[in-house]
Amino acid sequence: MKAAHEVVTLATMRFKGTESYLTSESLRSAVDCAVALQRPLLVKGEPGTGKTLLAEAIAAAMGLKLLTWNVKSTTKAQDGLYVYDAVQRLHDSRFNDKDVRDIRQYIRHGPLGESFAAPERRVLLIDEIDKADLEFPNDLLHEIDRMRFKVIETDEEVVAKHRPVVVITSNNEKDLPDAFLRRCVFHFIEFPDRDLMQRIVHVHHADMAERLVDQALGVFYELRAFSRLRKRPSTSELIDWLAALKSAGITSVKLDEQLPFIGALLKREQDLMAFADQFGGKLPKRA
Amino acid sequence: MFVPFLYELRSRKVPVGATEAVALGQALVQGLHDSSLEGFYFVARALLIHDEKHLDAFDQAFAKHFQGIESSSMEITQQLLEWVREAKQPDRLLTPEEKALLDQLDLKTLEQLFEQRMKEQKERHDRGNRWIGTAGTSPFGNTGKAAREGMKVGDAGGMRSAVRMASERAYKEYRDDLVLDVRQMQVALRKLRAFAREGAHDELDLDATITETARNLGDLEVVTRPPRKSNTRVILLMDVGGSMDPFAHLVSRLFTAAKKATHFRELRTYYFHNCIYGRVYKQASFRDPITLPQLFAETDRRYKLIVVGDALMAPWELMSVSGWSDDEGLEGVVHLMRLREHFTASCWLNPEPPSSWWQTTVDVIRKVFPMYPLTLEGLGDAVGQLTKAR
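Here is a short report on the structure shown in this document. Here the structure is a predicted model, which means the values were calculated and not measured.

Conventions used here
- Residues numbered from 1 in each chain as written.
- Chains lettered and ligands numbered in written order.
- Predicted model: local features only at pLDDT ≥ 70, side-chain atom pairs only at ≥ 80, totals over all residues.
- Heavy atoms only, no water.
- Helix = DSSP H or I, 4+ residues; strand = E, 2+ residues; numbered from the N terminus.
- Buried < 20%, exposed > 50% of the residue type's maximum accessible area, 1.4 Å probe, protein only.
- Contact = heavy atoms within 4.5 Å.
- Areas by Shrake-Rupley, 256 points an atom, 1.4 Å probe, with all protein chains shown as cover.
- Buried area = accessible area lost by both parts, 1.4 Å probe.
- Salt bridge = Lys/Arg side-chain N within 4 Å of Asp/Glu carboxyl O.
- Polar contact = N/O pair within 3.5 Å; in protein donor to acceptor, adjacent residues only side chain to side chain.
- Pairing = 2+ DSSP bridges.
- Axes fitted to C-alpha atoms, helices over the stretch in contact; angles between N-to-C directions.

### Notes on the overall build of chain A
Alright, step 1. When helices and strands are tallied, chain A shows 13 helices and 9 strands.
Alright, step 2. Taking all 287 residues of chain A together, the buried fraction comes to 49%.
Alright, step 3. In chain A, the proportion of contacts linking residues at least 24 apart, taken out of those at least 6 apart, comes to 71%.
Alright, step 4. Accessible surface, chain A as shown: approximately 14200 Å² in total, 49% of it carbon and sulfur.

### A few points about the interface of chain B and chain A
Alright, step 1. On the chain A side, the residues contacting the 43 residues of chain B number 36 residues.
Alright, step 2. Counting the surface lost from both chain B and chain A, the interface buries some 3700 Å², and carbon and sulfur atoms represent 55% of this.
Alright, step 3. Counting across the chain B and chain A interface gives 2 salt bridges.
Alright, step 4. Here B:Asp51 and A:Lys44 are joined by a salt bridge, their closest N and O atoms 3.5 Å apart.
Alright, step 5. At the boundary of chain B with chain A, the tally comes to 4 residue pairs in polar contact (both at pLDDT 80 or more).
Alright, step 6. Counting only elements with at least two residues in the side of chain B that touches chain A, the list comes to helix H2 (18-29), helix H3 (37-48), helix H9 (182-190), helix H10 (206-215) and helix H11 (248-260) of chain B.
Alright, step 7. Looking at the side of chain B that touches chain A element by element, the count peaks at 7 residues for H3(B).

### Considering the pattern of salt bridges
Alright, step 1. Enumeration according to the criterion identifies 19 salt bridges over all chains in this entry.
Alright, step 2. Between A:Glu156 and A:Arg104 there is a salt bridge, with the nearest N and O atoms lying 3.2 Å from each other. You can see A:Glu156 sitting in strand S7 (residues 156-159) and its partner A:Arg104 sitting in the loop between helix H5 (86-95) and strand S4 (107-109), a full 52 residues away along the chain.
Alright, step 3. Judged by relative accessible area, which is 33%, A:Glu156 ranks as partly exposed.
Alright, step 4. On the basis of relative accessible area, A:Arg104 is assigned to the exposed category, the value being 52%.
Alright, step 5. Between B:Arg268 and B:Glu266 there is a salt bridge whose closest N-O contact spans 2.7 Å.

### Focus on the sheet that holds strand S9 (residues 185-189) of chain A
All names here are of chain A.
Alright, step 1. Ordered by their spatial adjacency, 5 strands build an open sheet running S2-S5-S8-S1-S9, and the pairing between neighbours is parallel. Edge strands, defined here as strands with exactly one partner in the open sheet, are strand S2 (65-70) and S9. Pairs of neighbouring strands in the sheet enclose a mean axial angle of 20°, with direction left out of account.
Alright, step 2. As judged from the 4 bridges shared by strand S5 (residues 122-127) and strand S8 (residues 165-170), these two strands associate in the parallel manner. Each bridged residue has a counterpart across the sheet, and for Leu 124 the counterpart in S8 is Val 166.
Alright, step 3. Running over the sheet, helix H2 (residues 25-37) touches strand S1 (41-45), S8 and S9 and is turned about 160° from S9.

What follows is the structure, encoded as structure tokens:
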């Protein structure tokens, strides 16, 4: 009956963001849905919109520990559950170092397995799931759905004591399979509009002159609207650029060939060329 | 209750089914939508939509489905009545003056009056002194100037804003039947892959290692194998100049995406103008020509051919002999057919929308190559066709 009680407390719990993480109503609503329905929350959006930070914010807001599983192109679904170190066992058997009959010593939990076995609820972040092979999300379906898996080598079942709050981020490098998507609560983090961006900038550069921030944001959004760019500057680039402006003691900026530290905003050769082409002047010097 | 809305979504090609319906039902039972249409909008969006390309369709469907409710007031009576009750609770959406006004009225009477008016009122109403609507002086409504007691309807309740939000269609640019950016193209191209084990043995083959070690009576015998590598070879053939100029950015994006696609074992790019006569060029400035027979000799049917062009030209360009030494006395269309024959996995991407594909030359080329529009959807279909062809 404890489980049922838990569902109630979780369902009534509402996510409000944290001091350093600003949210929108749609994002709060999506987080609430995911937590209450115990489904993974899939977060997509442009790079630099704070997808990864969301998991930290949820963990902080709910007072839970965060486990992170950084997915790489070589990551397999099995790595998240457990790894059986057969080579070590073979090696040990050769030198009689340990009791190799106890296979459990050679089973190590991955992040998903760890979050199942943990004594309290965890927030599990599966970061950049699209980096892995196309089949990766499908291979995880059953485990995320049922919150249990079997260790084949020992014939033991690992069942989640507390269903972890699963947050999955995707950079949109690959389409995710439909069957996987159907089980997720989806949220697309929009690129922040000017008002929100102003607040975000304020969080990072509280002491910055209002006029400069205003001008810089103007330049930033104009650059983003410039359709010839192959990679549009994102939030983190804006924050870096502002930091550069601040440390150089620059007090005003406008969008022309003299734009300082353009290299902090545009990082591709072609984009810099397109910029020079559009706004006149030679190829700007990199800061 | 929300099922017709799901069908509205399905009619707009948003894949929703029983799983989504059940999830939405659970969410509503748990009250996640805070009994407001705005809350419902967010909850439904989070649960029904799985891809940003469907967000725009969702907004359209939502606006259409719930727009009606906004004006045909009868349907929302229940919800409005709820607001009245909530308004009676302290600190809810009302200024002290409004609350004072509200207190003058007995809730029961107000509700009855409201219900009665709702029944009489059959249509949307603005600027009156009796009906429920906006900018009026009736006791019910929004942005009105009722000097006497009454209640505010809408606005903060969220319905108007949810529908308004939906009508803003902020996600238009994420639709998949619009032309695409580099990243989206990369995603589509990534499906174009096939793996094979080839090359140096530098991956541990665990199963074989165990088998061999056991066979070796426990003496560790490590077995390696070549890693799985992509085996996809692609030829990108692009029409440049003339009528293709307006699409130069789009084609260059496709080019960038293909170049960045690390999973291609080999990518060859060639250029042509309008139609292909015996040769194509390695440079967009029509230098470094390579003749088709030479190209056929260097490549085999494992290569996948993607032609990008608007297929627009004067009919004689397609149907006549160019007179160049390389063309072997064959018409343009015959060269295209030879390409199609050599590369069984081939397709034509057209940046012009399908609605303009009726022109003669487009129509002829469509009979030679399977033609797809250069949109995310079209590119996806094209890639699907290329992977199927062996």
